[in-house]
Amino acid sequence: MEIRDLDYFLACCQAGSFTAAAREVHIVQSAMSSAIARLEHDLGVSLFDRSVTPVTVTEHGAAFQAAAQRILDAVQAARDDVAAVSGQVRGTVILGYTLNTGPLDLAAVLADLRDRHPDVIVKLRQSLTGSAGNLQAVLDGSMDIALTADSAPPGTGQPGTGPLPRGVILSPLVSEALVFVCPADHPLSRRSSVTVADLADETILRFPPGWSVRDTVDRVLGAVASAIEIADYALMLKLVQGHFGTTLMPTSAIAAAPAGLRVVRVDDARLRWNLSAAISASRPRSAATTAVLRELSQAAPPVADAS
């Protein structure tokens, strides 16, 4: 079984046509057909259903598709690791990010990485289910590194929603307090700080389940089945301005209070937002992944005392 035949097979899976796939990888159609025939002979099964147009993978072909991609990824990683021995860090890193990275300047991190390692390609991804989705993506291998927020004290390795999923390692990057945001004419707006008891009767606008701020607020203030859910800081602030409710968000997400709003400190150490970089504990870490993780760690500000 030749590595290039795996490349050709995956091209056919994507194109749905031997002719189109051959054109994409710059070979003649007969060479593409021969490559697929070799694979089918080696495996003893049909990989494509040729009776339909476009051609589709068979059940065996679908199983082989995932395996072929893993093999090619491993081959590329091996090549990158060999290059790293000579000081050439290269490769592609899938980096999951969060809606807010706090005082961690992700754009500056990527700029520094480009300057130091121009052959490292970073592809940014964002999960629709927030930090929980990012953690799952690290587990299933669709992300190499994921920025993920949690509500645990820095360095504990425990997200606010419960024990850290097995197979994931967290590197703490940022920790900051959540603040209470309310309209300027709100009864609590002139206070220097508020307590959890003060917020008991508030309509707190919350992020959807899976987002760390939601997990933290639910854990400390209690879950509310009828919560208004918004996965957008800017929209949330506009709704607070419109007196739809009040909210809690990380300090850095509201550097200066917009017109008509007040930001009040919350006197409760449990209401914190922490950002970490998550990686797999079981998959080998490429030189490119290590370089990105190092840049993130070096750019992280000193973690403030959570007390």
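Bear in mind that the values here come from a model prediction, so they are computed numbers and not experimental data.

(A) Quick look at the overall build of the chain. In terms of helices and strands, the chain carries 9 helices and 11 strands. For the chain, the C-alpha atoms occupy an extent of roughly 75 × 45 × 35 Å along the three principal directions. Burial status across the chain gives 44% buried among its 307 residues. Contacts in the chain between residues far apart in sequence, at least 24 positions, make up 71% of those at least 6 positions apart. Split by element, the accessible area of the chain, about 15,400 Å² in all, is 53% carbon and sulfur. Distance from the positive charge centre (25 side chains) to the negative charge centre (31 side chains) of the chain: 2 Å.

(B) The packing of helix α1 (residues 3-15) against helix α3 (residues 29-43), seen in detail. Running from N to C, α1 and α3 point in directions that differ by 105 degrees, and their axes come no closer than 9 Å. Relative to α3, α1 is oriented roughly perpendicular. Along the contact surface, α1 presents Asp5, Leu6, Tyr8, Phe9 and Cys12, while α3 presents Met32, Ala35, Ile36, Arg38 and Leu39. Grouping the constituent residues of the contact of α1 with α3 by class yields 8 nonpolar, no polar and 2 charged.

(C) Seen up close, α3. Look at α3: 21 Å from first C-alpha to last across 15 residues, which is about the 21 Å you get at 1.5 Å a residue. Three or more residues of α3 are buried, namely Met32, Ala35, Ile36, Leu39 and Glu40. Viewed along the axis of α3, the buried residues span an arc of 135 degrees, placing them on a single side of the element. For α3, the secondary structure elements touched by its buried residues are α1, α2 (18-24), β1 (48-49) and α4 (59-85).

(D) Here's a closer look at the nonpolar core. Grouped together as the largest cluster of nonpolar side chains are 53 residues, with contacts concentrated most on Ile145, Leu173, Phe180, Val181 and Leu296. If you look at the next biggest cluster of nonpolar residues, it comprises 21 residues, including Leu10, Ile27, Met32 and Leu72.

(E) Seen up close, the environment of Arg38. Tracing the backbone through its elements, the reader meets Arg38 in helix α3. Placed 69 residues apart in sequence, Arg38 and Ala107 show a C-alpha to C-alpha distance of 46 Å.

(F) Expanded view of the packing of helix α5 (residues 106-116) against helix α9 (residues 287-299). At a minimum axis distance of 10 Å, the contact between α5 and α9 shows a crossing angle of 130 degrees. Regarding the angle of α5 to α9, the classification is oblique. Seen along the crossing, α5 lies across α9 with a hand that is right-handed. Of the residues in α9, those in contact with Leu106, Val109, Asp112, Leu113 and Arg116 of α5 are Ala291, Val292, Glu295, Leu296 and Ala299. Each residue belonging to the contact of α5 with α9 can be placed in one class, and the counts come to 7 nonpolar, no polar and 3 charged.

(G) Structural view of the layout of surface pockets. For the largest pocket, the calculated volume is near 940 Å³. Put simply, the parts of the chain that give the lining of the largest pocket at least two residues each are α4, β3 (91-96), β11 (272-280) and α9. Looking at the lining of the largest pocket element by element, the count peaks at 9 residues for α4. Per-class residue counts for the lining of the largest pocket are 7 nonpolar, 9 polar and 10 charged.

(H) Representation of the packing of aromatic side chains in the model. Under the criterion given, the structure shown has 5 aromatic pairs. For the pair Phe207 and Trp211, a centre-to-centre distance of 5.8 Å together with 35 degrees between the ring planes defines the contact as tilted. On the basis of relative accessibility, which here comes to 2%, the residue Phe207 falls in the buried class. Relative accessible area serves as the criterion here: at 11%, Trp211 is assigned to the buried category. These aromatic residues form a ring-pair network of at least three members: Phe9, Phe18, Phe48 and Phe64.

(I) Just the side chain of His186, in detail. In this fold, His186 is placed in the loop between β6 (168-183) and β7 (193-194). Relative accessible area serves as the criterion here: at 15%, His186 is assigned to the buried category. When residues no more than four places from it in sequence are discounted, the contact partners of His186 are Phe180, Glu202 and Thr246.

Calculation notes
Residues numbered from 1 in each chain as written. Predicted model: local features only at pLDDT ≥ 70, side-chain atom pairs only at ≥ 80, totals over all residues. Heavy atoms only, no water. Helix = DSSP H or I, 4+ residues; strand = E, 2+ residues; numbered from the N terminus. Buried < 20%, exposed > 50% of the residue type's maximum accessible area, 1.4 Å probe, protein only. Contact = heavy atoms within 4.5 Å. Areas by Shrake-Rupley, 256 points an atom, 1.4 Å probe, with all protein chains shown as cover. Lys, Arg positive; Asp, Glu negative; His and termini not counted. Charge placed at Lys NZ, Arg CZ, Asp CG, Glu CD. Axes fitted to C-alpha atoms, helices over the stretch in contact; angles between N-to-C directions. Parallel < 35°, antiparallel > 145°, perpendicular 65-115°, else oblique. Nonpolar A, V, L, I, M, F, W, Y, C, P; charged D, E, K, R; others polar. Expected span 1.5 Å × (residues − 1). Arc of directions from axis to C-beta. Core = buried A, V, L, I, M, F, W, Y, C linked by side-chain atoms within 4.5 Å. Left-handed = near helix turned anticlockwise from the far one by under 90°. 1 Å grid on protein atoms, 1.4 Å probe; cavity = no way out; pocket = protein on both sides within 12 Å on 5 of 7 lines; lining within 4 Å. Points joined across faces, edges and corners; volume = space filled by probe spheres on them. Phe/Tyr/Trp six-rings, centres within 6.5 Å; stacked < 30°, edge-to-face > 60°.

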